[in-house]
Amino acid sequence: MNCPRCGYEVEEGQKFCNECGAPLPAPGVYEEYDKPQPQQQMQQPQNAQQAPQAPAKKPKVWLIVLIVVLAIVMIIIIAAFVFVRSAVKQYEKYQMKVEEVEDIQKDADDIDIDALNEAVENMNNLDLTDDIEIDLDEPEVPEIPDDIDPSKDSANANVKHYGYVDVTTEGNDATVIPNGQMNGSTKIFNGKDLNGFLDYVDDKVLEKGRTINRDLFYDVLATMLVDKDMVSDKEDIEMNMIMALAFANNFHDTPVKVNECHLDLSNAVDYHYHVTAYDKDDIWIVNFDKRTVFFNDGKTEYSSTMFKDEYLAVWFTAIEDYYGL
């Protein structure tokens, strides 16, 4: 072992150092004393003087969400606009068709729909065009007899006065002139006059603000029925009323007056109505069986839906409903 003072080697058990004379520690104590003490190293934390770093910035999630939401909203608005615009166009087309039907039927509650459907079937069963061939590509233009002249004084002319018209005949040529006896007070069925029936038509069948051309209806119906005793079959009377109603409704706002009607008695299907319309004289040729109308002295065909079965069925139903047939 060594002297703790000078480091000289001494023997164990010596009390004093032989070199420097320094007292030696007792055995056991020396061992602890003689052990070299570990040098403590002062280590400074590596990060002690480093400045704190700012946390990394996170992306603004709310801004991204807002942009996405706004984009979705814009897409929805654009899609809604396109849809609404398309729906409006479809509705306008639909409304045009509705208004066309409403011209002849205003209040569906006042006319039995089941009866209307049945009336359509009845119209089909009436066979208005039975045994008549119609060329749709080249419509036949009726010819006006050259020898019909109601103003002509002829010894062969035969004049008869009927309930609704005055008729002048010469051979097969007949000139029928309404005499004014077909009017609002005329009773057709069950003691009910035409004035009440046409009030019903204006109020319950036609659209608001539209009224039937009564004078035209009376004149056309007069030329068809001629006299109350000449037509007794209910269906024939109804059919004539239906056609007169369709005609008078179609020209509801036309200032037209029937002056006379010419017929060929051998084939009385073409009614040559000599009329004054818009202060101009003209000849309208109407074939109610073929459901054709010609203007301009029979030279120009008039196209209309007034004689379509579903429209005629409305008149059929109105007649039966009002008169209780």
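As shown above, the structure is provided for reference.
Just so we're clear, the structure is a prediction, and the values are computed from it rather than from any experiment. (Residues numbered from 1 in each chain as written. Predicted model: local features only at pLDDT ≥ 70, side-chain atom pairs only at ≥ 80, totals over all residues. Heavy atoms only, no water.)

Quick word on the nonpolar core
The nonpolar side chains of a soluble globular protein tend to be buried with one another. Ranked by internal contacts, the top residues of the largest apolar core, which has 60 residues, are Phe197, Met241, Phe247, Tyr273 and Trp315. Ranked by residue count, the leading element in this core is helix α6 (residues 234-250), at 10 residues. Cys3, Val10, Cys17 and Ala22 belong to the second largest nonpolar core, which has 5 residues in total. (Core = buried A, V, L, I, M, F, W, Y, C linked by side-chain atoms within 4.5 Å. Buried < 20%, exposed > 50% of the residue type's maximum accessible area, 1.4 Å probe, protein only. Helix = DSSP H or I, 4+ residues; strand = E, 2+ residues; numbered from the N terminus.)

Topic: a nonpolar patch on the surface
On the surface, a nonpolar cluster with roughly 830 Å² of combined accessible area is contributed by Val61, Val65, Val69, Val73, Met74, Ile77, Ile78, Phe81 and Val82. Position of Val82 among the secondary structure elements: in helix α2 (residues 61-102). Of the residues examined, Val82 reaches a relative accessible area of 51% and is grouped as exposed. (Patch = residues over 30% accessible without salt bridge, like charges linked within 9 Å, V, L, I, M, F, W, Y side chains within 5 Å. Areas by Shrake-Rupley, 256 points an atom, 1.4 Å probe, with all protein chains shown as cover. Salt bridge = Lys/Arg side-chain N within 4 Å of Asp/Glu carboxyl O.)

A word on the sheet that holds strand β2 (residues 165-170)
Reading across from one edge, β1-β2-β3-β6-β7-β8-β9-β10 is the order of the 8 strands in this open sheet, with antiparallel pairing throughout. Strands at the two margins of the open sheet, each flanked by one partner only, are β1 (158-161) and β10 (300-302). The mean inter-strand angle of the sheet, taken between neighbouring strand axes irrespective of direction, is 25 degrees. Where strand β6 (residues 256-264) meets strand β7 (residues 270-277), 6 bridges bridge the pair, whose relative direction is antiparallel. Bridged to His262 within β7 is His272. Relative to β6, helix α5 (residues 214-225) is tilted by about 15 degrees, and along the sheet it contacts β2, β3 (173-178), β6 and β7. (Pairing = 2+ DSSP bridges. Axes fitted to C-alpha atoms, helices over the stretch in contact; angles between N-to-C directions. Contact = heavy atoms within 4.5 Å.)

Details of the packing of α5 against α6
Two numbers describe how α5 lies on α6: the axes approach to 9 Å, and their chain directions differ by 145 degrees. At the point where α5 passes α6, the crossing takes the right-handed sense. Packed against α5, whose contacting residues are Leu216, Phe217, Val220, Leu221, Met224 and Leu225, the element α6 presents Ile237, Asn240, Met241, Met243, Ala244, Leu245, Phe247 and Ala248 at the interface. For the contact of α5 with α6, the class distribution of residues is 13 nonpolar, 1 polar and no charged. (Left-handed = near helix turned anticlockwise from the far one by under 90°. Nonpolar A, V, L, I, M, F, W, Y, C, P; charged D, E, K, R; others polar.)

Observations regarding helix α7 (residues 309-323)
Because each turn of an α-helix spans 3.6 residues, side chains separated by three or four positions in sequence point in the same direction. Under the 1.5 Å per step criterion, the end-to-end length of α7 is 21 Å for 15 residues, consistent within 8% with the ideal 21 Å. For α7, a buried count of 11 out of 15 residues is recorded, marking the element as mostly surrounded by other parts of the structure. Where α7 terminates, the next one or two residues include Gly324, which has phi positive at roughly 65 degrees. (Expected span 1.5 Å × (residues − 1).)

Some points on the pattern of salt bridges
By the definition in use, this model includes 8 salt bridges. Linked by salt bridges that have partners in common, Asp199, Asp202 and Arg214 make up one network.

Side note on the environment of Phe294
Looking at the element boundaries, Phe294 is found in strand β9 (residues 292-295). Accessibility expressed as a relative area gives 2% for Phe294, which makes it buried. As a C-alpha pair, Phe294 and Trp284 span 10 residues in sequence and 5.5 Å in three-dimensional space.

As for unusual backbone geometry
Phi is mostly negative for residues that are not glycine, and the peptide bonds are mostly trans. Positive phi is not limited to glycine here, since Val226 has a value of about 65 degrees. Relative to the elements of secondary structure, Val226 occurs in the loop between α5 and α6. Taking the relative accessible area as the measure of exposure, Val226 reaches 14% and is therefore buried. The backbone phi angle of Asp297 is positive, close to 60 degrees, even though this residue is not glycine.

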